[in-house]
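A look at the structure
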Amino acid sequence: MKHLKGIFALTALLAFSCGTLSAAGLEKGADKSSSLSSIKADETPVPAPSPAADANAAQAAKMDKFFKYLGSIIDAPKYKPLRGDGDKSATAIAPGRLGPVAYSFKLNSLLNAHKDSGLSFRTPHGTEVKFSAYTAANCPDGGQSCADKERFFLLLYVGAKETYFIRANDIVNAMFMSGSRALNIGGDELTVKLHAVLSDIPSSKVEITCGGAKVFVVTLKQLGDAIGAKGADLRLGKTYKMAYGNELLQGKSGARFSDKLVIILSPVGVPGFHFLNHADITAAGVAYPEIEPDFGFRIAGNTLEILKLE
């Protein structure tokens, strides 16, 4: 997570030239062509790109930057096993190697902390709605090969059991820079819009209205800062932002949080992330030599401890 690097540093933000052909140049080309031998039947001239095609390509490039910025708000790990390419599995720690405790955390205080980002609003009928965002661990088809725009979700929480998942790509129009999604919450008809400002992406806004009246507005920078404040800071061999929670998975039936709990370590200022499966971390302690060779991790009950290895 980059704002898991700030969590997840919403700071990492989500240019063609073309020559012109003068009329004189066209005339010279016409004179020259008259002296050339005829073109063979199988040699079809390649048409020059149209201005519309160039404009569409430039727009697509800007949208890619926009969605990369969205993805940086929460760099949740893409789903993959701890074994194989990527992070290695936990290994047992030899007796006597566990040294002093460097960090101790109550896991329930970290569990899905991003869900309560501190951003919220009330509908006209008085229903409280908490607002946040998250990045899915997979693609809409359940696989891994998709663009950032397919993985970023806005989340609206109503109470403990009601969650609305809105994929950002579904409410942004690439041409008009505005899309929307209608929701009925507590009897109120709400409209959620994401206004992309490609010239100043952090100032892009999520806007929620009811009957045309604004009930909630937040910029992407404000959203990233709010979520980033929920991460724990670690200084081990590297500096990390740490988060703990359930994976967000998506599929044909929609999005959901899975039962799998992971500890996510995002190195500050370094691309990538590491995730540690809660179920692999024992009370006796385990190590991840390829991540932090000088530290061990153990979980006893609700407590995660990170210890120096001797």
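Use the structure listed above.
Residues numbered from 1 in each chain as written. Predicted model: local features only at pLDDT ≥ 70, side-chain atom pairs only at ≥ 80, totals over all residues. Heavy atoms only, no water.

**Looking at the pattern of salt bridges**
The condition is simple: Only one rule defines a salt bridge in this text: a Lys or Arg side-chain nitrogen within 4 Å of an Asp or Glu carboxyl oxygen. Note on exposure labels: buried denotes an accessible area under 20% of the residue type's maximum, exposed denotes more than 50%, and partly exposed covers the range between, all computed with a 1.4 Å probe on protein chains only.
Evaluation of the coordinates by the stated rule reveals six salt bridges. When the shortest N-O distance is used, the salt bridge between lysine 214 and glutamate 207 registers 3.4 Å. Here lysine 214 falls in the exposed class, since its relative accessible area comes to 59%. Its relative accessible area of 14% is what places glutamate 207 among the buried residues. A salt bridge links arginine 298 to glutamate 305; the shortest N-O distance between them is 2.6 Å. Note on arginine 298: relative accessible area 25%, which makes it partly exposed.

**What to know about the nonpolar core**
Considering soluble globular proteins, one finds that nonpolar side chains tend to be buried as a cluster. The line we're drawing: The nonpolar core is taken to be a set of buried Ala, Val, Leu, Ile, Met, Phe, Trp, Tyr and Cys residues, with the residues joined through side-chain atoms within 4.5 Å. Contacts are assigned to residue pairs that have any heavy atoms within 4.5 Å of one another.
Residues Phe131, Leu154 and Leu156 are the most contacted members of the largest nonpolar core, which totals 32 residues. Not counting residues within four places of it along the chain, the set of residues in contact with leucine 154 comprises Phe131, Ser132, Ala133, Tyr164, Phe165, Ile166, Ile171, Val192, Val206 and Leu223. Leu234, Tyr244, Ile291 and Ile306 belong to the second largest nonpolar core, which has 21 residues in total.

**Let's talk about the side chain of glutamate 292**
Put simply, the rule is: Elements are defined by DSSP. Helices are runs of H or I of four residues or more, strands are runs of E of two residues or more, and each kind is numbered from the N terminus. All tallies of charge rest on Lys and Arg as positive and Asp and Glu as negative; His and the ends of each chain are not included.
Tracing the backbone shows glutamate 292 in the loop between β16 (286-287) and β17 (295-300). The side chain of glutamate 292 sits in the buried core without any salt bridge; lysine 238 is the nearest counter-charge, 5.0 Å away. Here glutamate 292 is in contact with Leu236, Gly237, Lys238 and Tyr240, once residues within four sequence places are set aside.

**Considerations on the sheet that holds strand β7 (residues 162-167)**
Defined as follows: Pairing between two strands requires that DSSP report at least two bridges joining them. Note on definitions: angles span 0 to 180 degrees between N-to-C directions of axes, and those axes are lines fitted to C-alpha atoms, for helices only across the stretch in contact.
Spatially, the four strands line up as an open sheet ordered β4-β5-β6-β7, and their pairing is antiparallel. The sheet is open, and its two borders are formed by β4 (119-122) and β7, each paired with just one other strand. The average undirected angle you get between the axes of adjacent strands in this sheet is 25°. The sheet strands contacting helix α4 (residues 220-228) are β4, β5 (128-135) and β6 (152-158), and the helix crosses β5 at an angle near 85°.

**Side note on the sheet that holds strand β2 (residues 91-92)**
Think of a sheet as strands paired side by side through backbone hydrogen bonds, with each pair either parallel or antiparallel. In space, the five strands of this open sheet follow the order β2-β16-β17-β18-β3, with antiparallel pairing throughout. The open sheet has two edge strands, β2 and β3 (98-106), and neither has a second partner. Judged from the six bridges that link them, β3 and strand β18 (residues 303-309) form a sheet pairing that is antiparallel. Bridging from a neighbouring strand, leucine 98 pairs with leucine 309 of β18.

**Re the side chain of serine 258**
Filter applied, for reference: Two N or O atoms count as a polar contact when they lie within 3.5 Å, although within protein this holds only if one can serve as hydrogen donor and the other as acceptor, and sequence-adjacent residues are included solely when both atoms are side-chain atoms.
With respect to the helices and strands, serine 258 occurs in strand β14 (residues 254-267). Classification of serine 258 by relative accessible area gives buried; the value is 8%. A polar side-chain atom of serine 258 sits 3.2 Å from the main-chain amide nitrogen of lysine 260. Not counting residues within four places of it along the chain, the set of residues in contact with serine 258 comprises Asn246, Glu247 and Leu249.

**Some words on the pairing of strand β13 (residues 239-251)**
Of all 13 residues making up β13, eleven are buried, and the element is well covered by its neighbours. A loop of three residues connects strand β12 (residues 232-235) with β13, the two strands running antiparallel in sequence. Relative to β14, β13 runs antiparallel, the two being bridged by eleven bridges. Paired with leucine 249 across the strands is arginine 256, a residue of β14. The antiparallel pairing of β13 with β14 creates a hairpin that spans two residues between the two strands.

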